[in-house]
Amino acid sequence: MALHWLFPTPVLQVDLEPDAATAAAMQQQLEQFDAQVYQHPEFSDRNNLTGDLLGHAGLDQLHRMDAFQWLNG
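Calculation notes
Residues numbered from 1 in each chain as written. Predicted model: local features only at pLDDT ≥ 70, side-chain atom pairs only at ≥ 80, totals over all residues. Heavy atoms only, no water. Helix = DSSP H or I, 4+ residues; strand = E, 2+ residues; numbered from the N terminus. Buried < 20%, exposed > 50% of the residue type's maximum accessible area, 1.4 Å probe, protein only. Contact = heavy atoms within 4.5 Å. Areas by Shrake-Rupley, 256 points an atom, 1.4 Å probe, with all protein chains shown as cover.

So, about the overall build of the protein. A count of helices and strands for the protein gives three helices and two strands. Listing each helix as α and each strand as β along the protein from the N terminus yields β-β-α-α-α. Taking all 73 residues of the protein together, 15% fall into the buried category. If you take every contact in the protein between residues at least 6 apart in sequence, the share linking residues at least 24 apart comes to 33%. Surface summary for the protein: the accessible area is close to 5800 Å², and the carbon and sulfur share equals 54%.

Here it is in structure tokens:
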């Protein structure tokens, strides 16, 4: 566990390790995300994708998907 000081704001960094089933579910969700996003012509060059770009496709809330809910705990 590391504590970083960015400006006057402390930021805690922790390496999380999901169990095998959770890791597999997250991987499957990322593969589905990859297939859905990169089929759009505007994303086909695979540039950085941000929430402001993905919002119109409904893909800006990855952390809300079932496979990633454990991160919110």
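The next subject is the side chain of Q29. You can see Q29 is positioned in helix α1 (residues 20-37). Residue Q29 is classed as buried on the basis of its relative accessible area of 19%. Residue contacts for Q29: discarding those within four places in its chain leaves M65, A67 and F68.

Next up on the list: the environment of A24. Of note, A24 is situated in helix α1. Given a relative accessible area of 47%, A24 falls into the partly exposed group.

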